[in-house]
Amino acid sequence: MSWDVVLIRTKTNKEPLEEIESENIIPFSFAEFTQEMQKIAGQQSAEYDPTIASQLMRTNTWSIEVYPEEENESIGLSIRGSEEPTEVLKALHKDLGCRLIDCCTSEFIDFTKSSSFEKWKSYRDQIIASYNN
């Protein structure tokens, strides 16, 4: 079970989600994404392994798993853990020039507001508790 976020970038990075058209999407290259993840992992003192099929970045409080291909119109992040990796998400947003879609709300993440991470974590904890009873 993961909290899912999608990275996407367009020519303007301003249009509403429902108005994004494929011809305006600027794809991410595998090399570009991997290089950025390696840089961020170093800044966050996180472990990062780009050699496995699903790239994995993690600390003791969160992990991000991703399955990039050679060229990606969007990149999905599967996030797990007890803390939201906000600084990683902000760095990806800034350094890749992209926007992030919170898949729980189907809205772009606004870093001045709370994301749905805490709601997702609460739901996850309820599910886990139900299995422990």
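Structure shown above.
To start, this report covers the structure provided alongside it. (Residues numbered from 1 in each chain as written. Predicted model: local features only at pLDDT ≥ 70, side-chain atom pairs only at ≥ 80, totals over all residues. Heavy atoms only, no water.)

## What about the nonpolar core?
As a rule of thumb, soluble globular proteins bury nonpolar side chains together. For clarity, the cut-off: By nonpolar core is meant a set of buried Ala, Val, Leu, Ile, Met, Phe, Trp, Tyr and Cys residues that side-chain atoms within 4.5 Å join together. Partly exposed describes any residue whose relative accessible area lies between the buried limit of under 20% and the exposed limit of over 50%, with all areas from a 1.4 Å probe on protein chains only and scaled to the type maximum. In this text, helices come from DSSP runs of H or I with a minimum length of four residues, and strands from runs of E with a minimum of two, each type numbered from the N-terminal end. Contact definition: two residues touch when any of their heavy atoms are within 4.5 Å.
The biggest cluster of nonpolar side chains holds 27 residues, and the ones touching the most others in it are L7, F33, M57, L77 and L92. Looking at this core, the elements with two or more residues in it are β1 (3-8), α1 (30-43), β5 (62-66), β7 (74-81), α2 (86-96) and α3 (117-132). Among the elements that line this core, the one with the most residues is α2, at five residues. Not counting the four nearest positions on each side in its chain, M57 is found in contact with M37, I40, A41, A46, E47, Y48, W62, S63, I64 and V88. Counting residues in each nonpolar core, the second largest holds five residues, with I8, I20, I25 and I101 among its members.

## Some remarks on unusual backbone geometry
Backbone geometry places N13, a non-glycine residue, at a positive phi of 55 degrees. Mapped onto the elements, N13 comes out in the loop between β1 and β2 (28-29). N13 sits in the partly exposed class, given a relative accessible area of 22%. A positive phi angle, close to 50 degrees, is found at S45, a residue other than glycine.

## A look at the layout of surface pockets
Spelled out, the test is: Using only the protein atoms, space was sampled on a 1 Å grid; points where a 1.4 Å probe fits but cannot get out form cavities, open sets with protein on both sides within 12 Å along at least five of seven lines form pockets, and lining residues are those with an atom within 4 Å of a point. Grid points are joined across faces, edges and corners, and a volume is the space filled by probe spheres set on the points. Classes in brief: Ala, Val, Leu, Ile, Met, Phe, Trp, Tyr, Cys and Pro nonpolar; Asp, Glu, Lys and Arg charged; the others, Gly included, polar.
A volume near 200 Å³ is recorded for the largest pocket. By residue class, the composition of the lining of the largest pocket is two nonpolar, four polar and five charged.

## With respect to the sheet that holds β1
Worth spelling out the cut-off: Paired strands, as defined in this entry, are two strands with at least two bridges between them according to DSSP. Axis definition: a line fitted to C-alpha atoms, limited for helices to the stretch in contact. Angles are taken between N-to-C directions and run from 0 to 180 degrees.
Spatially, the seven strands line up as an open sheet ordered β3-β4-β5-β7-β1-β8-β9, and their pairing is antiparallel. Taken across any chain shown, the strands that pair with only one partner, and hence form the sheet edges, are β3 (47-49) and β9 (107-108). Across five bridges, the pairing between β5 and β7 is antiparallel. Counted as the bridge partner of S63 is R80 from β7. Relative to strand β4 (residues 55-58), α1 is tilted by about 20 degrees, and along the sheet it contacts β1, β3, β4, β5 and β7.

## Structural notes on the side chain of K121
Looking at where K121 falls in the secondary structure, it is placed in helix α3. In this structure K121 comes out as buried when scored by relative accessible area, which is 17%.

It is worth stressing that arrangement in space is one thing and function is another; only the former is reported here.
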